[in-house]
Amino acid sequence: MKDAFIVDAIRTPIGAFGGSLAPVRADDLAAHVLRALMARHPGLAPDAVDDVILGCANQAGEDNRNVARMSALLAGLPPEVPGATINRLCGSSLDAVGTAAR
């Protein structure tokens, strides 16, 4: 069994309904976060990332897909790195951490 480690955390900004973040796709916003995490840890090889597990609530329309997987690809992680999106509304991020630990 592998151990799970939380090495760092960043969250996306929170905007108002219909506000300045409204035209930004969820996967683009999350890709920015993944790129920032990788930049904070220059010694971490992108192919050493085992998985991307992302909490994202209420994705709809064009964003109604695997936001974690698309974000990983947009962030430049190798295509071999899988991604899973957890939607538990307000508990999405906490469930994502629990899923990663399991």
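Computed from a predicted structure; not experimentally measured. (Residues numbered from 1 in each chain as written. Predicted model: local features only at pLDDT ≥ 70, side-chain atom pairs only at ≥ 80, totals over all residues. Heavy atoms only, no water.)

Those residues of helix α3 (residues 92–101) that sit buried are Ser92, Asp95 and Ala96. What you see down the axis of α3 is that its buried residues fit within an arc of 105 degrees, all on one side. Exposed and oriented more than 90 degrees from the buried face of α3 are Leu94 and Ala101. Contacts made by the buried residues of α3 are with β1 (52–55) and β2 (83–86). (Buried < 20%, exposed > 50% of the residue type's maximum accessible area, 1.4 Å probe, protein only. Helix = DSSP H or I, 4+ residues; strand = E, 2+ residues; numbered from the N terminus. Arc of directions from axis to C-beta. Contact = heavy atoms within 4.5 Å.)

Below, the discussion takes up the pattern of salt bridges. This model, assessed by the stated rule, comprises 6 salt bridges. Put simply, Asp27 and Arg65 hold a salt bridge, and the shortest N to O gap is 2.4 Å. Linking Asp27 in helix α1 (residues 26–40) with Arg65 in the loop between β1 and α2 (67–74), this pair joins segments that are 38 residues apart in sequence. The class of Asp27 is buried, set by a relative accessible area of 0%. (Salt bridge = Lys/Arg side-chain N within 4 Å of Asp/Glu carboxyl O.)

Compared with an ideal rise of 1.5 Å per residue, which puts 15 residues at 21 Å, α1 spans 21 Å between its outermost C-alpha atoms and is within 8% of the ideal. Of the positions making up α1, those classed as buried are Asp27, Ala30, Ala31, Val33, Leu34 and Leu37. Looking straight down α1, one finds that the buried residues subtend no more than 160 degrees of arc, so they occupy a single side. Exposed residues on α1 whose side chains face more than 90 degrees from its buried face are His32 and Ala39. Considering only its buried residues, α1 is in contact with β1 and α2. (Expected span 1.5 Å × (residues − 1).)

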